[in-house]
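# An overview of the molecular structure
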Amino acid sequence: MISKMSIHHICCLSAILLVLVHTSTGFCPSKCFCEGDYNLRASCLGAGLEVVPIQLNPDIKYINLTHNQIQNVYFTLTFYYKLQVLDISHNRLDDLGSKNFESQEKLHTLILNDNQLIAVKKDAFRGLKELVELNLSNNRIEEIHHTAFSDLIKLLRLDLSNNQVLRLDAGVLRNMVALDHLNFRNNQILDVPYDENLEHLIQLRQLDLSQNNIENVNNHSFDQMHQLRLLNLSNNVINDCDWTAFDGLSGLKILDLADNNLTVVPTVQLSKLSNLTNLVLSGNSLTHIPPVAFLNLFQLRELQLNELPFLVKIDARAFVDNTNLQKLELENNRQFSELPLRLFHNNPNLVDISIRGNNLHTLDAIQFPLDTLQRLMLADNPLVCNCSLLWLWRLATENEVAHPSDSVANGFRSNHNLVVDRDDIACFIEDDNMKVKRSLHKMSENEINCPAHLITIISSILTVLLVFIVIVSMLYYMKVAKRRKHVVEEAKNVCNERIVPQKIDRVELERYLASQAIANDYHALRPWEVPIKDAVKYNEISDPNDHYEHFEYYDHKRTLHKPHVVYV
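Residues numbered from 1 in each chain as written. Predicted model: local features only at pLDDT ≥ 70, side-chain atom pairs only at ≥ 80, totals over all residues. Heavy atoms only, no water.

### A short note on the overall build of the protein
A tally of helices and strands in the protein yields nine helices and 26 strands. Counting the 568 residues in the protein, one finds 38% classified as buried. Within the protein, contacts between residues at least 6 apart in sequence are counted, and of these 53% link residues at least 24 apart. Total accessible area on the protein is roughly 32500 Å²; 54% of this is exposed by carbon and sulfur atoms. (Helix = DSSP H or I, 4+ residues; strand = E, 2+ residues; numbered from the N terminus. Buried < 20%, exposed > 50% of the residue type's maximum accessible area, 1.4 Å probe, protein only. Contact = heavy atoms within 4.5 Å. Areas by Shrake-Rupley, 256 points an atom, 1.4 Å probe, with all protein chains shown as cover.)

Here you go:
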């Protein structure tokens, strides 16, 4: 068996011979198109090649080898040291080997998509220090060696979408400090590869991790990624985001969380994204949108809430913080049946509303800012044909209302012109106990408006009820007033029968009370209170010789006076 070293020597000798034999313009293989002189391009599109041709001009700058049968690039690119663009997409490459691009120091674009690569081995891109774009999409890559991208210090775009990468070893992306766009779409990644990988990509502006198996966005998963503008996490199995999951994304503009397993809006986590302008939450398991669901997202301009199969309620204050909201998509939510009356009243910049494919039965003109709207999509709702839709019928049948297709062709955007999907708006009419679907703009006003006799009957009934209520209220008021008057008169009579105390002088009152106290005093009289002669007469004095009890004694001594009582 011939060793790889022998093959290498043979190829080198062959190349030298070819260079000596052919002119400096090289040899253009069959079914290839080559340009010399200034352009120095070679295109071998679908030429049936099984190896990279080595007989091209050594000064070639651009080689297109797409749609061939090339299986490897071993020792075939050594001579093209001035090569700048190499496209080997749609071939049968299954291995890149190591150091096979070491001579391409000026190569800036390498396209290897749609091949059969399984792994990217050690030093696979050694020497490509000027490379700015690398496309490895649509392969079967499962493993990437941690040194494979070591020399790609100027790389701006790396596309690894549609592969089978499960995880990244520490340090795989370490040296890509200039990377601007990273695409890992449709792989099998289980966690956001931040540690020892994303944390080094301080210049990264776009990151696509959609269609993977990420279940949870952990704390600090994007810490210090201040330059990131677009983050796509759609089509994962995310059911939760930790409190600081999006910390560090201070410059993020677009966030796509569609088609995950979120059951509630991650309000607190999203509130850190003060510069967010576009948010997609479609295809999740949200049941309701709570008040101030998008807290602090004052710069939000576009919001998508489509395909929410369990959504039943949106709070009227859900969008109060989103004063710059311009476009809202609320489509195909089959359980959503009630649009809050004042849902859009806090969004003065709203110009585009789409609520197609919901379960709305009635719509009111007051629900929409019709004076400022430029586009209103309402089709595929089970609307009921009654007079409540008269405003919509008039809107759909006015001559100045344009079709959705005209909005781009004619380019109108003035406030008085409103794009309405009038050809698709329909409502249902009861006909012989069956619901018949009718196109709204093809109906007449009589069919939409409430019948005149019905309005008359309803008005009459309401009038009679109003008169009856007024009469009953008046009778009840008169009865209550009469009863109150009777009660007042009885109270007056009772008051007249009572003695009303008069206002008297305080001194006189005290004297009166004192006299009453004396008059009511029933104790036995003292000797000076009873005339002595009467006491003797009635034998109330036990000893007549007692000079204290003889009247003459008192006459002899002094006249006995009643004690002076002073009342305080």
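From this point, the discussion proceeds with the structure in view.
### Observations concerning the confidence of the model for the protein
The predicted coordinates should not be examined in detail at positions where pLDDT is low. The pLDDT averaged across the protein works out to 84; a share of 79% of its residues lies at or above 70. Here residues 556–560 is modelled with pLDDT under 50, and outside its nearest four sequence neighbours on either side it reaches three contacts, counting other chains as well. (pLDDT = per-residue confidence, 0-100.)

### Side note on unusual backbone geometry
Of note, the phi angle at Asn235 is positive, near 55 degrees, even though the residue is not glycine. The residue Asn235 is located in the loop between strand 13 (230–232) and strand 14 (240–241) in this model. Even without a glycine there, the phi angle at Glu307 is positive, about 55 degrees. Following the sequence through the fold, Glu307 ends up in the loop between strand 18 (302–304) and strand 19 (313–314).

### Topic: helix 3 (residues 390–397)
Extensive coverage of helix 3 is indicated by the burial of six of its eight residues. For helix 3, every residue scored as buried is listed here: Leu390, Trp391, Leu392, Trp393, Leu395 and Ala396. Those residues of helix 3 that are buried are in contact with strand 23 (383–384), strand 24 (419–420) and helix 5 (445–448).

### Details of a nonpolar patch on the surface
On the surface, a cluster of nonpolar side chains totalling about 670 Å² of accessible area is made up of Ile458, Ile461, Leu462, Leu465, Phe468, Ile469 and Val472. Looking at the element boundaries, Ile461 is found in helix 6 (residues 452–497). (Patch = residues over 30% accessible without salt bridge, like charges linked within 9 Å, V, L, I, M, F, W, Y side chains within 5 Å. Salt bridge = Lys/Arg side-chain N within 4 Å of Asp/Glu carboxyl O.)

### Re the pattern of salt bridges
Under the counting rule described, the total for this entry stands at 15 salt bridges. Here Arg126 makes a salt bridge to Asp151, at a shortest N to O gap of 3.7 Å. Residue Arg126 is found in the loop between strand 6 (119–120) and strand 7 (133–135), and its partner Asp151 is found in the loop between strand 8 (143–144) and strand 9 (157–159); the two are separated by 25 residues along the sequence. In this structure Arg126 comes out as partly exposed when scored by relative accessible area, which is 32%. The structure contains a network of salt bridges with shared partners spanning Asp123, Arg126 and Asp151.

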